[in-house]
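Given next are the chains, with one letter for each unit.
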Amino acid sequence: MTREREPLISLALYHAFKWSVVSPMLHAYFGGKIYGVENVPQTGGLVIVSNHASYFDPPIVSNCVCRPVAYMAKEELFKIPVLAQAIKLYGAYPVSRGTADRGAIRYALEYLKNGWAVGVFLEGTRTRDGRIHDPKRGAALLAAKAQVPLLPVSLWGSEKIVQPGTPIPRKVPLTIRIGKLIATPSSTSKEELEAVTHQCADAINTLHDLGR
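Residues numbered from 1 in each chain as written. Predicted model: local features only at pLDDT ≥ 70, side-chain atom pairs only at ≥ 80, totals over all residues. Heavy atoms only, no water.

Trainee: Got a minute to help me understand the packing of aromatic side chains in this structure?
Mentor: Note on aromatic pairs: each is described by the distance of the centres and the angle between the planes. The tally for this structure, following the rule as stated, stands at seven aromatic pairs. Centroid distance Tyr29 to Phe30: 5.0 Å. Interplanar angle 80°. Geometry classified as edge-to-face. Under the relative-accessibility criterion, Phe30 is labelled buried at 3%. Here the aromatic rings of Tyr93 and Tyr111 are separated by 5.8 Å at their centres, their planes lie at 35°, and the arrangement is tilted. You can see Tyr93 sitting in strand 5 (residues 93–95) and its partner Tyr111 sitting in helix 4 (residues 102–113), a full 18 residues away along the chain. Using a relative accessible area of 2% as the deciding quantity, one classes Tyr93 as buried. One cation-aromatic arrangement involves Arg126 over Tyr55; the distance from NZ or CZ to the ring centre is 4.3 Å. The ring of Trp156 has Lys160 lying over it, and the distance from NZ or CZ to the ring centre is 5.7 Å. (Phe/Tyr/Trp six-rings, centres within 6.5 Å; stacked < 30°, edge-to-face > 60°. Buried < 20%, exposed > 50% of the residue type's maximum accessible area, 1.4 Å probe, protein only. Helix = DSSP H or I, 4+ residues; strand = E, 2+ residues; numbered from the N terminus. Lys NZ or Arg CZ within 6 Å of the ring centre and 35° of its normal.)

Trainee: Whenever I open this one, the side chain of Ser154 confuses me. Can you help?
Mentor: Considering the arrangement of structural elements, one finds Ser154 in strand 7 (residues 150–156). A distance of 3.3 Å separates a polar atom in the side chain of Ser154 from the backbone nitrogen of His208. When neighbours within four sequence positions are excluded, Ser154 is seen to be in contact with Asn51, Thr175, Ile176, Arg177, Ile204, Leu207 and His208. (Polar contact = N/O pair within 3.5 Å; in protein donor to acceptor, adjacent residues only side chain to side chain. Contact = heavy atoms within 4.5 Å.)

Trainee: What should I look at first to understand the pairing of strand 2 (residues 46–50) in this one?
Mentor: Along a regular strand, successive side chains alternate from one face of the sheet to the other. With five of five residues buried, strand 2 is to be regarded as a mostly interior element. Of the two faces of strand 2, both are covered, the one formed by Leu46, Ile48 and Ser50 as well as the one formed by Val47 and Val49. As paired elements, strand 2 and strand 6 (residues 117–121) share five bridges and run parallel to each other. For Ser50, the partnering residue across the bridge sits in strand 6 and is Phe121. When strand 2 meets strand 7, the two strands line up parallel, connected through four bridges. (Pairing = 2+ DSSP bridges.)

Trainee: Could you clarify how one ought to interpret a nonpolar patch on the surface in this entry?
Mentor: On the surface, a nonpolar cluster with roughly 250 Å² of combined accessible area is contributed by Phe17, Val21 and Tyr90. Residue class for Tyr90 comes out partly exposed when judged on its relative accessible area of 36%. (Patch = residues over 30% accessible without salt bridge, like charges linked within 9 Å, V, L, I, M, F, W, Y side chains within 5 Å. Areas by Shrake-Rupley, 256 points an atom, 1.4 Å probe, with all protein chains shown as cover. Salt bridge = Lys/Arg side-chain N within 4 Å of Asp/Glu carboxyl O.)

Trainee: Sorry, what's going on with the pattern of salt bridges here?
Mentor: Pairing between side chains of opposite charge can happen when the charged atoms of each approach one another. One pass over the full model with this rule turns up five salt bridges. Linking Lys136 and Asp134 is a salt bridge whose minimum nitrogen-to-oxygen distance equals 3.0 Å. On the basis of relative accessible area, Asp134 is assigned to the partly exposed category, the value being 43%. Linking Glu194 and Arg137 is a salt bridge whose minimum nitrogen-to-oxygen distance equals 2.9 Å. With Glu194 in helix 6 (residues 190–208) and Arg137 in the loop between strand 6 and helix 5 (138–146), this pair connects stretches of sequence that are 57 residues apart. Classification of Arg137 by relative accessible area gives partly exposed; the value is 35%.

Trainee: How should the environment of Leu151 be read in this particular structure?
Mentor: In this structure, Leu151 sits in strand 7. A relative accessible area of 0% places Leu151 in the buried class. Spatially, the C-alpha atoms of Leu151 and Arg177 are 11 Å apart, while their sequence positions differ by 26 residues. For Leu151, the residues in contact, after removing those within four places along its chain, are Asn39, Val40, Leu46, Val47, Ile48, Val49, Ile178, Gly179, Lys180 and Leu181.

Spelled out as structure tokens, the structure:
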């Protein structure tokens, strides 16, 4: 059975963390600007694709789309009993780093079926300038298999938050732009997935190029 929303306990934890920590830091410390919130469907499965330049990106994206977003996390964290339960409620699911982890794909599809938004960094790793240069097909594949749309999100400025040699995040301006929905891929063919992937990358880069 397909669900329309995340569990109530996950929604409650999301809002508690958002309003007590993430939103105040985003607006008061980083001077965050957010555009395009009206483009986010608030129910149903959704693949959110974004650029990635900082460890701060997952909570920032989730904060700005106004709904919990499930992200993969390294499997070692799920071996710590109390922490494992907590991050599962927040939507984290395990991935074995450095491998083509089919288990992570199954977890992501299950979350989508249960009405979650699943976050995917389109390039799969952090970039130095915040732009997408080498997009991967994983997000499009998830969307095709789960039959859900994709939502492009651009984070501008997050690559400057963390600098080598200091653990303190820099007070830099951030701008988050949320684009229009991208239709569900019509098939899982390589050609279709490539086309949708590049559509996502183009959308994110166009938003990023708008700057502050």
